[in-house]
There are 2 protein chains.
Amino acid sequence: MKAKVYVTIKQNVLDPQGSAVQGALHSMGFEEVDKVRIGKYLEFDLDTNDRAQAEARLKDMCEKLLANTVVEDYRFELEG
Amino acid sequence: MKAKVYVTIKQNVLDPQGSAVQGALHSMGFEEVDKVRIGKYLEFDLDTNDRAQAEARLKDMCEKLLANTVVEDYRFELEG
């Protein structure tokens, strides 16, 4: 099974990396860009065929390691 | 219009960050995890209603700033 995990900074938390990229895009002439937010995107294989169990395990991985739930949100997709 | 950009490391390029996360997950008991790859995920607003133009501009942004096309791939989605 293939997992895709998206970790994003919460709406009310500042994103200095996003602001920097937005500033760079503006200075390059891409002035239509606004509200840039940058997160992480993880892909990996899961050696299991039990979808419900995989979802529970993924949630656990996100809570314990992949996302800092104080300032970040996460969501994931399972394929196959 | 809302843009979502995914920047991932090319298949044949080493991903030390992914390897480190995989090692950490294994040591925490998540041994079913394999082939972890970590990329970037960007979300932003585009102040335009011309979809074709937005796609061309987005491609330009990715090539010029958001992705290092020597070692990274990118893809994007437009919504709205």
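In case you missed it, the structure is sitting above this.
Rules behind the numbers
Residues numbered from 1 in each chain as written. Chains lettered and ligands numbered in written order. Predicted model: local features only at pLDDT ≥ 70, side-chain atom pairs only at ≥ 80, totals over all residues. Heavy atoms only, no water. Pairing = 2+ DSSP bridges. Helix = DSSP H or I, 4+ residues; strand = E, 2+ residues; numbered from the N terminus. Least-squares fit on C-alpha atoms with pLDDT ≥ 70 in both. Contact = heavy atoms within 4.5 Å. Core = buried A, V, L, I, M, F, W, Y, C linked by side-chain atoms within 4.5 Å. Buried < 20%, exposed > 50% of the residue type's maximum accessible area, 1.4 Å probe, protein only.

What to know about the pairing of strand 1 (residues 2-9) of chain B
Residues and elements named next belong to chain B.
Part 1 of the argument: Bridge analysis of strand 1 against strand 2 (residues 33-46) gives six bridges, and the strand direction is antiparallel. By the bridge assignment, Lys4 is partnered in strand 2 with Glu43.
Part 2 of the argument: Relative to strand 3 (residues 72-79), strand 1 runs antiparallel, the two sharing eight bridges. Paired with Thr8 across the two strands is Asp73, which belongs to strand 3.

As for the relation of the copies chain A and chain B
To go from the first copy of the chain to the second, apply a rotation about an axis and then a shift along the same axis.
Part 1 of the argument: Expressed as a screw operation, the relation of chain A to chain B combines 0.0 Å of axial shift with a rotation of 180°, fitting to an RMSD of 0.0 Å. On the angle and the small slide along the axis, the relation comes out as a two-fold axis. Taking C-alpha positions as reference, the residue of chain A nearest the rotation axis is A:Lys40, located at 2.4 Å.
Part 2 of the argument: With an isologous cut-off of 70% or more, the 100% of interface residues of chain A that recur at the interface of chain B puts this contact in the isologous class.

Some details on the nonpolar core
Part 1 of the argument: If you look at the biggest cluster of nonpolar residues, it comprises 20 residues, and the most contacted ones within it are A:Leu42, A:Phe44, A:Leu46, A:Leu58, A:Met61, A:Leu66 and B:Val33.
Part 2 of the argument: Counting only elements with at least two residues in this core, the list comes to strand 1 (2-9), strand 2 (33-46) and helix 2 (51-66) of chain A together with helix 1 (16-27) and strand 2 of chain B.
Part 3 of the argument: Sorting elements by how many residues they give to this core places helix 2 of chain A first, with five residues.
Part 4 of the argument: Setting aside residues up to four positions removed in sequence, A:Met61 forms contacts with A:Phe44, A:Leu46, A:Leu66, B:Leu25, B:Phe30, B:Glu32 and B:Val33.
Part 5 of the argument: Residues A:Val33, A:Ile38, B:Leu58 and B:Met61 belong to the second largest nonpolar core, which totals 19 residues.

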